[in-house]
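What follows is the residue order along each chain.
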Amino acid sequence: MIYARSRNHCIGDGGRIPWRLPDEFAHFKRTTMGKPIIMGRKTYDDHQSALPGRLNIVVSRQANLPLSEGVVLASSLESALAIANEQSDEVFVIGGVSFFIAALPIAQRVYETIVEADIDGDAILPAFDFNHWHTTDIEHHAVDERHQYSYRVYLHERTQSGGRSHA
């Protein structure tokens, strides 16, 4: 899994990411490049195109959902994981809230960016418990002319590995 959230767990508002942090987006791109990414329809609607250099899989119950060229439709998270695992042992779930909740029990790795602000929004993650995971603080970025908020990036890894990496 990979996501950015505010201190108060907001990840989106009105189908959009509620901040512009170019270096954090560069981290997302670097981390996911060449790997399959799985998202729900609302997350896909935010950009409505394939993110280049990655197998893009959109999960939706709408069998006739119009998708951009290069985007694969799956009917469930499980079928999306099966498609993704044919290409890579490392797969990223990139949103939204219900997919993060469903993927956490099987995730081996979670890249979590915490934006140092309280943000109002309509997409709110629950507080995930990473107490029994190994957590590494991998990046800190201060406010600057291109970044309205500071943020920290954490890598959470399960302490007991159990098979293939799924997220």
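The structure under discussion appears in the preceding block.
Worth saying up front: this structure is predicted, and the values here are computed from it rather than measured.

(A) Expanded view of the layout of surface pockets. The volume enclosed by the largest pocket comes to roughly 1,200 Å³. Lining the largest pocket are 38 residues, with Ile17, Thr43, Asp46, Ile94 and Gly95 sitting closest to its centre. Broken down by secondary-structure element, the contributors of at least two residues to the lining of the largest pocket are strand 1 (2-6), strand 2 (10-12), helix 1 (22-32), helix 2 (41-47), strand 6 (92-95) and helix 4 (97-103). With 5 residues, the single largest contributor to the lining of the largest pocket is helix 2. Partitioning the lining of the largest pocket into residue classes produces 17 nonpolar, 12 polar and 9 charged.

(B) The sheet that holds strand 10 (residues 151-158), seen in detail. On the basis of which strands lie adjacent, the open sheet formed by 4 strands has the order 1-7-10-9 and mixed pairing. With partners counted over all chains shown, the strands left at the sheet margins are strand 1 and strand 9 (133-141), one partner each. Strand-to-strand, the axes of this sheet are offset by a mean angle of 20°, without reference to chain direction. Examined bridge by bridge, strand 7 (residues 109-115) and strand 10 share 7 bridges and lie antiparallel to one another. Paired with Ile114 across the two strands is Arg152, which belongs to strand 10. In the packing of helix 1 onto the sheet, contacts are made with strand 1, strand 7, strand 9 and strand 10, and the angle to strand 1 comes to roughly 160°.

(C) Up close: helix 3 (residues 77-85). Turning to helix 3, its buried residues are Leu77, Ala80, Leu81, Ala84 and Asn85. For helix 3, the angular spread of the buried residues around the axis is 125°, confining them to a single face. Considering only its buried residues, helix 3 is in contact with strand 3 (37-40), strand 4 (56-59), strand 5 (71-74), strand 6 and helix 4.

(D) Expanded view of the side chain of Ser150. Here Ser150 lies in the loop between strand 9 and strand 10. Ignoring sequence-local partners within four residues, the contact set of Ser150 consists of Ile114, Val115, Glu116, His140, His141, Ala142 and Val143.

(E) Geometry of the sheet that holds strand 6. Pairing is parallel in the open sheet, where 4 strands are placed in the order 5-4-3-6. At either end of the open sheet lies a strand with only one pairing partner, and these are strand 5 and strand 6. Between one strand and the next, the sheet's axes are offset by a mean angle of 30°, whatever the strand orientation. In terms of strand pairing, strand 3 meets strand 4 through 4 bridges, oriented parallel. Residue pairing for strand 4: Ile38 is matched across the bridge by Ile57.

(F) Broad picture of unusual backbone geometry. A cis geometry characterises the amide bond from Gly95 onward to Gly96, with omega recorded as 5°. As for its placement among the helices and strands, Gly96 is situated in the loop between strand 6 and helix 4. One non-glycine residue with positive phi stands out, namely His9, at about 75°. Here His9 is to be found in the loop between strand 1 and strand 2. Assessed through its relative accessible area of 19%, His9 is described here as buried.

Scoring rules and cut-offs
Residues numbered from 1 in each chain as written. Predicted model: local features only at pLDDT ≥ 70, side-chain atom pairs only at ≥ 80, totals over all residues. Heavy atoms only, no water. 1 Å grid on protein atoms, 1.4 Å probe; cavity = no way out; pocket = protein on both sides within 12 Å on 5 of 7 lines; lining within 4 Å. Points joined across faces, edges and corners; volume = space filled by probe spheres on them. Helix = DSSP H or I, 4+ residues; strand = E, 2+ residues; numbered from the N terminus. Nonpolar A, V, L, I, M, F, W, Y, C, P; charged D, E, K, R; others polar. Pairing = 2+ DSSP bridges. Axes fitted to C-alpha atoms, helices over the stretch in contact; angles between N-to-C directions. Contact = heavy atoms within 4.5 Å. Buried < 20%, exposed > 50% of the residue type's maximum accessible area, 1.4 Å probe, protein only. Arc of directions from axis to C-beta.

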